[in-house]
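# Notes for the structure review
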Protein chains: 2
Amino acid sequence: MTVDELHRARQEYDALVARGLKLDLTRGKPSPRQLDLANGMLEQPGEHVSAAGVDLRNYGGLEGLPELRAIFADALQVPVDQLLAAGNSSLELMHDAIVFALLGVVPGAERRWADSEITFLCPVPGYDRHFAVCERFGIKMAPVPMTPDGPDMDVVERLVAADPQIKGIWCVPKYSNPDGTVYSDETVHRLATMETAAPDFRIFWDNAYAVHHLTDTETAIADLLALAAEHGHPDRVFVFGSSSKITFAGSGVAFFGSSPANIAWWLSHTSKRSIGPDKLNQLRHVRFLRDADGLRTHMRKLADLIRPKFEVVDKILTAELGGTGLASWTSPAGGYFITLRVPPGCARAVVAKARGAGIALTPAGASHPYGDDPDDRTIRIAPTYPEPPELEAAISGLATCVRLVGAEKQAAG
Amino acid sequence: MTVDELHRARQEYDALVARGLKLDLTRGKPSPRQLDLANGMLEQPGEHVSAAGVDLRNYGGLEGLPELRAIFADALQVPVDQLLAAGNSSLELMHDAIVFALLGVVPGAERRWADSEITFLCPVPGYDRHFAVCERFGIKMAPVPMTPDGPDMDVVERLVAADPQIKGIWCVPKYSNPDGTVYSDETVHRLATMETAAPDFRIFWDNAYAVHHLTDTETAIADLLALAAEHGHPDRVFVFGSSSKITFAGSGVAFFGSSPANIAWWLSHTSKRSIGPDKLNQLRHVRFLRDADGLRTHMRKLADLIRPKFEVVDKILTAELGGTGLASWTSPAGGYFITLRVPPGCARAVVAKARGAGIALTPAGASHPYGDDPDDRTIRIAPTYPEPPELEAAISGLATCVRLVGAEKQAAG
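All values derive from a computational prediction rather than experimental measurement. (Residues numbered from 1 in each chain as written. Chains lettered and ligands numbered in written order. Predicted model: local features only at pLDDT ≥ 70, side-chain atom pairs only at ≥ 80, totals over all residues. Heavy atoms only, no water.)

### Concerning the domain arrangement of chain A
Residues and elements named next belong to chain A. For chain A, the assigned domains are domain 1 (3-28 + 296-412) and domain 2 (48-289). One C-alpha centre belongs to domain 1, the other to domain 2; they are set 30 Å apart. Across the boundary between the two partners, domain 1 contributes 29 residues, which contact 29 residues of domain 2. Interface area for domain 1 against domain 2, summed over the two sides, is near 2,500 Å², with a carbon-plus-sulfur share of 58%. A per-residue breakdown of the area domain 1 buries against domain 2 is headed by Met299, Pro369 and Tyr370, which together make up 22% of the total. The interface formed by domain 1 and domain 2 contains 4 salt bridges. (Domains from an automatic or database assignment. Contact = heavy atoms within 4.5 Å. Buried area = accessible area lost by both parts, 1.4 Å probe. Salt bridge = Lys/Arg side-chain N within 4 Å of Asp/Glu carboxyl O.)

Next comes the structure, spelled out in structure tokens:
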């Protein structure tokens, strides 16, 4: 790169700043057009009785509406009677699972997790809100590198076999946040069968994107809950899912699935906390989605809105950064995110430059525990919220920032 | 009482059993007719935008919808910007307040509550679900007798001044569960001003029946949150409320109010747990209730359904037990419950006899910590769910059981 190239990169950036953009790629939010597809949920006057004749306006029904659990059972790979339907957030359920294990005694444990220092394994890059829950409660986090097949299982197996204070691992097994990785059958099998020093080890299986395919291929993963039970570890797996990125982000329904012993333990806690979830909202979901086929049809309509946005990102990054050696990026077949990798030591600078140009990105490092990406090279792009023209402007601007930071780094080095 | 009287009491009971009743007075559940009054909440096709123009279908808005908080601010005696609107259960909020204080550090505390043995004061009779949360987390419970003015403040003041491990007290200040007691201004003033050995002492102010008047008199209580702040204890009070017994029991909205420091602390936890409450359900409440006057009008309609049931209970108990010396009962001006007091040592026997005759009551003792009513004389009657004819049958049957247990006791003694 020549001095001229640095000069040109600066000029391009100045021109970008001068445009006065105000664009937000920070979070995985559905767009208004996606939400519109679920407006049928708002049009069900008077409905308030379940298939079993229960008045859903009243208290009760802690397990959630059976007919809704039936719609999601296959997608989440959990038998209906081991799957609970709860409130509007699966993050809440993950948080509460940790709280209940900290303050109660999870099946297989000898004592409360709160009574000693514990550690969770965190495949990186991963989901910042998982890490934030651990950090809040003082749970130590040990990063594990992701591979194209999921977490590096050699590392996972070594760590969990050695240390009984390692109590859990965060996994987003399908279209992972942020890489879009799909766990291979071998990875799932090794998670199900590995020996753990902790008898109360738990896999937090956040299957957030179970049905969020971008193409007509419905990627399947191995059935961790069944495999673990089959291999003598029935209580190892906590499955989480939600309809937040299916119907309404703020008014979806979250799911918790696990072994019978874990479900009984879960209900023993939640029965002290609540007299039941909002069953009317669960009924709205049943009336709107109808069945597993209805869910599939709805997801295809969503994919038709989302896929072009992923294509825009790929097209612009290819046009503006392809062959420069300054960046690589993922092309996931589903989920909500694209990971952009820039040269080591550049991610924070790129995000800062983008902010200076009115383009808000998830903070660099957010995909790592404690916000610390040791290579400082991972940037998460959330393309779903903006409409394509805004998205084009944002990604093109982001590419301008990458070129400038790259040129500055080369000039300095 | 003669042998003849015992014989007659047994005959009456046998006749009651022979009727094969199946009636349930266990829980404070709204009746279907009460719920029908809120069916307008189910008839708002397409509504999804807030007064500020926010799309409520999406993530966000952790504090809850401002226009809904404004409707409930006066009723709960909390300024709007210190009042949060959350999910469908205030019990959840109380549970979580304890969890956050166990695992975090509440303002004024030196350490987490989980790190030492702590105690809550429990005015008795009280609400079994409060006690169940404490029991679940191993929090010791110290009973405090209720007086007609609220908890016996001489006892409360002595205990909290002496023991820094006493961290909280459960209060249902208006139309208390189960006695229907209204805290006097002096009681509230003493709660606000008393000296506590614990710098992190909290009053759990469960104002569940703030607007649940049975007559046209809108009983008011003193403003604890304001008084505590005025007297140098701004962070002492956690206010809880909900619309569960106003709109739909399972699909209401719960509220948390407190000092600015406590609200910041609360949000620092809940922001790790959730990306916001179900704001569409909050909007439904706004559209349906409209404003504080709309809330008042709705509560009058509910009172017109509930008041006759309380009158039925009083009428039948008077006719069947008046002057027998076997029972006394409360005549509350609001709330959801009537307390029936039977001779010492008789409550469990009465509840068992009633169960034998197909009349389900809240377990005797439930109104005391650990289910232990030392005098075994308190029975909670929840009259709202059955319609008047069933309620008459249930209360008349209950009176038969009281007479039989009384006669048996006298014959044995």
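### Thoughts on helix H4 (residues 90-103) of chain B
The first and last C-alpha atoms of H4 of chain B sit 20 Å apart over 14 residues, in line with the 20 Å expected at 1.5 Å per residue. When you tally the buried positions in H4 of chain B, you get 14 out of 14 residues, the bulk of the element. (Helix = DSSP H or I, 4+ residues; strand = E, 2+ residues; numbered from the N terminus. Expected span 1.5 Å × (residues − 1). Buried < 20%, exposed > 50% of the residue type's maximum accessible area, 1.4 Å probe, protein only.)

### Focus on the interface of chain B and chain A
Reports of interface size often rely on the accessible area that becomes lost once the parts have come together. With 58 residues of chain B at the contact, the number on the chain A side is 58 residues. Interface area for chain B against chain A, summed over the two sides, is near 4,700 Å², with a carbon-plus-sulfur share of 51%. Three residues stand out in chain B for area buried against chain A, namely Arg57, Tyr59 and Arg273 of chain B, and they jointly supply 18% of the buried area on that side. Summed over the shared surface of chain B and chain A, the number is 6 salt bridges. For the interface between chain B and chain A, the tally reads 24 residue pairs in polar contact (both at pLDDT 80 or more). Of all the secondary-structure elements, those providing two or more residues to the side of chain B that touches chain A are helix H2 (32-36), H4, helix H5 (128-136), helix H9 (260-273) and helix H10 (279-289) of chain B. With 8 residues, H4 of chain B is the single largest residue contributor to the side of chain B that touches chain A. (Polar contact = N/O pair within 3.5 Å; in protein donor to acceptor, adjacent residues only side chain to side chain.)

### Looking at unusual backbone geometry
With omega at 5 degrees, the peptide bond leading from Asn177 of chain A into Pro178 of chain A counts as cis. Examined against the element boundaries, Pro178 of chain A turns out to sit in the loop between strand S6 (166-171) and helix H7 (185-193). In the segment running from Val124 of chain B into Pro125 of chain B, the intervening peptide bond is cis, with an omega of 0 degrees. Locating Pro125 of chain B in the fold gives a position in the loop between strand S3 (119-124) and H5. Positive phi, close to 70 degrees, is recorded for Arg290 of chain A, a residue that is not glycine. Within the secondary structure layout, Arg290 of chain A lies in the loop between helix H10 (279-289) and helix H11 (292-321).

### A few points about the packing of aromatic side chains
All names here are of chain A. Under the definition given, this model contains 34 aromatic pairs over all chains. Judged by centre distance (6.4 Å) and plane angle (65 degrees), the rings of Tyr336 and Phe337 are edge-to-face. Ring pairing ties together the aromatic residues Phe100, Trp113, Phe120, Trp170, Phe204, Phe238, Phe240, Phe256, Trp265 and Trp266, which thus form one cluster. Over the ring of Tyr13 we find Lys353; its NZ or CZ atom is 5.8 Å from the centre of that ring. (Phe/Tyr/Trp six-rings, centres within 6.5 Å; stacked < 30°, edge-to-face > 60°. Lys NZ or Arg CZ within 6 Å of the ring centre and 35° of its normal.)

### Points about the sheet that holds strand S11 (residues 338-341) of chain B
All names here are of chain B. Spatially, the 3 strands line up as an open sheet ordered S10-S11-S13, and their pairing is antiparallel. In this open sheet, the two strands that pair with only one neighbour each are strand S10 (328-329) and strand S13 (378-381). For S11 and S13, the ladder comprises 4 bridges, and the chain directions are antiparallel. Its bridge partner being in S13, Arg341 is matched across the sheet by Thr378. (Pairing = 2+ DSSP bridges.)

### Looking at the nonpolar core
Phe72, Leu191 and Trp205 of chain A together with Phe72, Leu191 and Trp205 of chain B are the most contacted members of the largest nonpolar core, which has 162 residues in total. With 11 residues, helix H13 (residues 388-412) of chain A is the largest single contributor of residues to this core. Apart from residues no more than four positions distant in its own chain, Phe72 of chain B is found in contact with Leu83, Ser243, Ile246, Phe255, Leu289 and Leu295 of chain B. Within the second largest apolar cluster, 71 residues are counted, among which are Ile139 of chain A together with Trp113, Phe238 and Ala254 of chain B. (Core = buried A, V, L, I, M, F, W, Y, C linked by side-chain atoms within 4.5 Å.)

### Comments concerning the pattern of salt bridges
Taken as a whole, this structure holds 52 salt bridges over all chains when the rule is applied. Of the charged contacts, one joins Arg112 of chain A and Asp115 of chain A as a salt bridge, the two residues approaching to 3.0 Å between their closest N and O atoms. For Glu47 of chain B, the salt bridge goes to Arg287 of chain B, with nearest N and O atoms at 3.0 Å. With Glu47 of chain B in the loop between H2 and helix H3 (66-76) and Arg287 of chain B in helix H10, this pair connects stretches of sequence that are 240 residues apart.

### Things to note about the sheet that holds strand S11 (residues 338-341) of chain A
Residues and elements named next belong to chain A. In space, the 3 strands of this open sheet follow the order S10-S11-S13, with antiparallel pairing throughout. A single partner strand is all that each edge strand has here, and the edge strands are strand S10 (328-329) and strand S13 (378-381). Here S10 runs beside S11; their pairing, made up of 2 bridges, is antiparallel. If you follow Trp329 over to S11, its bridge partner there is Leu340.

### Observations concerning the environment of Arg377 of chain A
All names here are of chain A. Examined against the element boundaries, Arg377 turns out to sit in the loop between strand S12 (359-361) and S13. For Arg377, a relative accessible area of 27% puts it in the partly exposed group. C-alpha separation for the pair Arg377 and Cys346, spaced 31 residues apart in sequence, amounts to 5.8 Å. Those residues in contact with Arg377 that lie beyond four places of it in its chain are Leu340, Arg341, Val342, Pro343, Pro344 and Ala347.

### Structural notes on the packing of H4 of chain B against H5 of chain B
Residues and elements named next belong to chain B. It is the contact of H4 with H5, at a shortest axis distance of 10 Å, that shows an interaxial angle of 30 degrees. Looking at the two axes, H4 sits roughly parallel to H5. Where H4 crosses over H5, the handedness of that crossing is right-handed. For the pair H4 and H5, the contacting residues are Leu91, Met94, His95 and Ile98 in the first and Arg129, His130 and Val133 in the second. Grouping the constituent residues of the contact of H4 with H5 by class yields 4 nonpolar, 2 polar and 1 charged. (Axes fitted to C-alpha atoms, helices over the stretch in contact; angles between N-to-C directions. Parallel < 35°, antiparallel > 145°, perpendicular 65-115°, else oblique. Left-handed = near helix turned anticlockwise from the far one by under 90°. Nonpolar A, V, L, I, M, F, W, Y, C, P; charged D, E, K, R; others polar.)

### Overview of the packing of helix H5 (residues 128-136) of chain A against H9 of chain B
Taken N-terminus to C-terminus, the directions of H5 of chain A and H9 of chain B make an angle of 140 degrees; their axes are 8 Å apart at the nearest point. Between H5 of chain A and H9 of chain B, the angle is such that the two are oblique. Touching Arg129, Ala132, Val133 and Arg136 of chain A of H5 of chain A are Ser268, His269, Ser271 and Lys272 of chain B, all from H9 of chain B. Among the residues forming the contact of H5 of chain A with H9 of chain B, the class breakdown is 2 nonpolar, 3 polar and 3 charged.

### Concerning the relation of the copies chain B and chain A
Least-squares fitting of chain B to chain A yields an RMSD of 0.0 Å, with the superposition described by an axial translation of 0.0 Å and a rotation of 180 degrees. Such a turn and shift between the copies fits a two-fold axis. (Least-squares fit on C-alpha atoms with pLDDT ≥ 70 in both.)

### Some remarks on the side chain of Ser242 of chain B
Tracing the chain through its elements places Ser242 of chain B in strand S8 (residues 237-242). At 3.0 Å, the side chain of Ser242 of chain B forms a polar contact with the backbone nitrogen of Ser244 of chain B.

### Section: the pairing of strand S3 (residues 119-124) of chain A
All names here are of chain A. Among the 6 residues of S3, 6 are classified as buried, and the element is accordingly described as predominantly covered. Where S3 lies against strand S4 (residues 140-147), 6 bridges are found, and the strand directions are parallel. Note that in S4 the partner of Cys122 across the bridge is Pro143. Between the parallel pair S3 and S4, the chain is carried across by H5, and the sense of this crossover is right-handed. Sheet topology note: the S3/S6 ladder contains 3 bridges and is parallel. Looking at S6, one finds that Phe120 is bridged to Gly168. (Right-handed = clockwise from strand over helix to strand, strands pointing away.)

### Here we look at H5 of chain B
In terms of burial, H5 of chain B is a largely internal element, 7 of the 9 residues being buried. The inward-facing, buried residues of H5 of chain B abut helix H9 (260-273) of chain A together with H4, S3, strand S4 (140-147), strand S6 (166-171) and strand S7 (202-206) of chain B. Count one or two residues on from H5 of chain B and you reach Gly138 of chain B, which has phi positive near 70 degrees.

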